[in-house]
Amino acid sequence: MIALLWRDLRLAMRAGGGFGLGLAFFLLIAVLVPLGVGPEMSVLGRIAPGILWVGALLACLLSLDRIFALDMEDGSLDLLATAPIPLEGVVAVKALAHWLVTGLPLTLISPLLGILLNLSWAGQGWLLLSLLLGTPALSVIGAFGAALTVGLKRGGLLLSLLVLPLYVPTLIFGAEAVERGVRGADALTPLILLAGITAGSAALLPFAAAAAIRVNMR
Amino acid sequence: MSDHAPLAVRDLACMRGGVAVLERVSFALAPGQALILRGPNGIGKTTLLRTIAGLQPPLAGEVSHPAESLAYAGHADGLKGVLTVAENLGFWAAIHGLGDIEPALQAMNLVPLRDRAAMHLSAGQKRRLGLARLLVTGRPIWLLDEPTVSLDTASVQLFAAVVRGHLVKGGSTIIATHIDLGLPEARVLDLAPFKAAQPLTGAFSGEGGFL
């Protein structure tokens, strides 16, 4: 399993692996929104939690179809399915690898982009924490969506449509936590719910995703 | 060597795209034996191999073999272009819990290419790397689907020698191929008589349409 994780990370880092894609997209959103909305600091500060969370979510979405589609194309997925690792473990490891190359860098860079959007200092910590707790759910749910659409050529559109509704709770609680943090209200409740979504999806969805892959390999 | 067959296929029927292609396929494969599948295009050689490998469920019948004894090699080699030959092979060795890739590199004549990225290999070299993967799985039963595609004559001989070495060590193999591999000891199974009588309709036909 460690070998699979290393391989996926190595593939993402090498040329054409798409490591910087989500990060660049996130950066673009944070740079472009102030230009589009206008320079009023109060407006920017108010919409910053939502914008940053939507940006993180879309940046995650961007690289989802690579999770299994590339392995399906070159036959690796068939070989992994006959390997000693259970397919559920393959899904979990690949979701983890996806998080390590998209969710984690997004989380780490987010305070910097928070400054660009005039997010208050009180909100910065909550933003970091909420993204840290919430982005793993985005990767796991995304892996499930990618597993459902793995047999389809250019399944990207269907994948987005399938996954977006599943992302909504994460988005709502994530943005809500930051927004409450900015206002100085109690942000713990949405954070706990966010952590609950992550824990629940990480526990259940690898099984669902593995089942979907088995159906798609027929 | 035990008289108990490690791989037994009984009354197997398999389907492709919701249509039954083969039925009543039965055979057993003992250690040290090779079985060559023959039959016209579309008869279901690939489907049969995938069903035996457990990649798709059988329509009827059963396949029995010891757990984790099968190594499947399909039309695609499962290579990553940006990884080198040694990295590709090392990954599969690690997945199967084996560390040493040198014997496999030597057996398939890949030592001079070990640090070359897989995307810069020729089709035949990629195939050799894909077949070298079988040696690092440590699995006794090889399921090979057209293993000699894009191999030159010398490489085919090299591969036949590898297969013979595998058989001598008590391994066994099922090979779907059209060419003469130079394995006179191998049994040949012609799949044409097992062609499914009529296309399946009804309960299973909707399965292919799922998603």
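Residues numbered from 1 in each chain as written. Chains lettered and ligands numbered in written order. Predicted model: local features only at pLDDT ≥ 70, side-chain atom pairs only at ≥ 80, totals over all residues.

Student: Sorry, what's going on with the overall build of chain B here?
Tutor: Helix and strand counts for chain B come out as five helices and eight strands. Reading the secondary structure of chain B in the N-to-C direction produces β-β-β-α-β-β-α-α-α-β-α-β-β. Taken over C-alpha atoms, the radius of gyration comes to 18 Å for chain B, in line with the 17 Å a tight globule of 211 residues would show. For chain B, the spread of C-alpha atoms along the three principal axes comes to 55 × 45 × 30 Å. Expressed as a percentage of its 211 residues, the buried residues of chain B come to 41%. (Helix = DSSP H or I, 4+ residues; strand = E, 2+ residues; numbered from the N terminus. Rg over C-alpha atoms; globule rule 2.2 N^0.38 Å. Buried ≥ 20, exposed ≤ 12 C-beta atoms within 10 Å, placed from the backbone.)

Student: Before we go on, may I ask you to explain the overall build of chain A in this structure?
Tutor: Helices and strands together make up the secondary structure of chain A, namely nine helices and zero strands. Counting from the amino terminus, chain A carries its helices and strands in the arrangement α-α-α-α-α-α-α-α-α. Taken over C-alpha atoms, the radius of gyration comes to 18 Å for chain A, in line with the 17 Å a tight globule of 218 residues would show. Dimensions of chain A, computed from C-alpha atoms along their principal axes, come out at roughly 55 × 35 × 30 Å. Across the 218 residues that make up chain A, the buried fraction comes to 49%. Nonlocal contacts in chain A, meaning residues at least 24 apart in sequence, comprise 80% of its contacts between residues at least 6 apart. (Contact = placed C-beta atoms within 7 Å.)

Student: What is the right way to look at unusual backbone geometry in this model?
Tutor: Most peptide bonds take the trans form, and the phi angle of most residues other than glycine is negative. Residues and elements named next belong to chain B. Here D11, not a glycine, exhibits a phi torsion of approximately 50 degrees, which is positive. Tracing the backbone through its elements, the reader meets D11 in strand β1 (residues 7–16). The exposed category is assigned to D11, around which 12 C-beta atoms lie within 10 Å. One non-glycine residue, E146, lies in the positive phi region at around 45 degrees. We classify E146 as partly exposed; it has 18 C-beta atoms within 10 Å.

Student: Even after reading the chapter, I still don't get the nonpolar core, so can you show me in this structure?
Tutor: Across soluble globular proteins, nonpolar side chains show a tendency to be buried alongside one another. Membership of the largest hydrophobic core comes to 123 residues, with the highest contact counts inside it found for A143 and A147 of chain A together with L89, A132 and L143 of chain B. Per element, the largest residue contribution to this core is 13 residues, and it comes from helix α7 (residues 121–148) of chain A. Excluding residues that lie within four positions of it along the chain, A132 of chain B makes contacts with L89, A104, L105, A107, M108 and L110 of chain B. (Core = buried A, V, L, I, M, F, W, Y, C linked by C-beta atoms within 7 Å.)

Student: So what exactly am I meant to see when it comes to the interface of chain B and chain A here?
Tutor: A common way to report how large an interface is uses the accessible area buried once the components associate. If you look at the interface, chain B gives 22 residues, while chain A gives 24 residues. Those elements that provide at least two residues to the side of chain B that touches chain A are β5 (70–73) and α2 (85–95) of chain B. Among the elements that line the side of chain B that touches chain A, the one with the most residues is α2 of chain B, at three residues.

Student: Even after reading the chapter, I still don't get helix α4 (residues 123–137) of chain B, so can you show me in this structure?
Tutor: Since the α-helix packs 3.6 residues into each turn, any two residues three or four apart lie on the same face. Residues and elements named next belong to chain B. For α4, which comprises 15 residues, the first-to-last C-alpha distance of 22 Å matches the rise-based estimate of 21 Å (1.5 Å per residue) to within 8%. Judged by how many residues are buried, α4 sits mostly within the fold: 13 of 15 residues are covered. Where α4 ends, the next residue or the one after it, G138, has phi of about 70 degrees, a positive value. (Expected span 1.5 Å × (residues − 1).)

Student: Sorry, what's going on with the sheet that holds strand β2 (residues 19–29) of chain B here?
Tutor: The strands that make up a sheet are held in pairs by hydrogen bonds between backbone atoms, and each pair lies either parallel or antiparallel. All names here are of chain B. Strands sit in the order β2-β1-β4 across an open sheet of three strands; the sheet is antiparallel. Among the strands making up the open sheet, the edge pair consists of β2 and β4 (60–64). Direction aside, the axes of adjacent strands within the sheet are offset by 30 degrees on average. Where β1 lies against β2, seven bridges are found, and the strand directions are antiparallel. (Pairing = 2+ DSSP bridges. Axes fitted to C-alpha atoms, helices over the stretch in contact; angles between N-to-C directions.)

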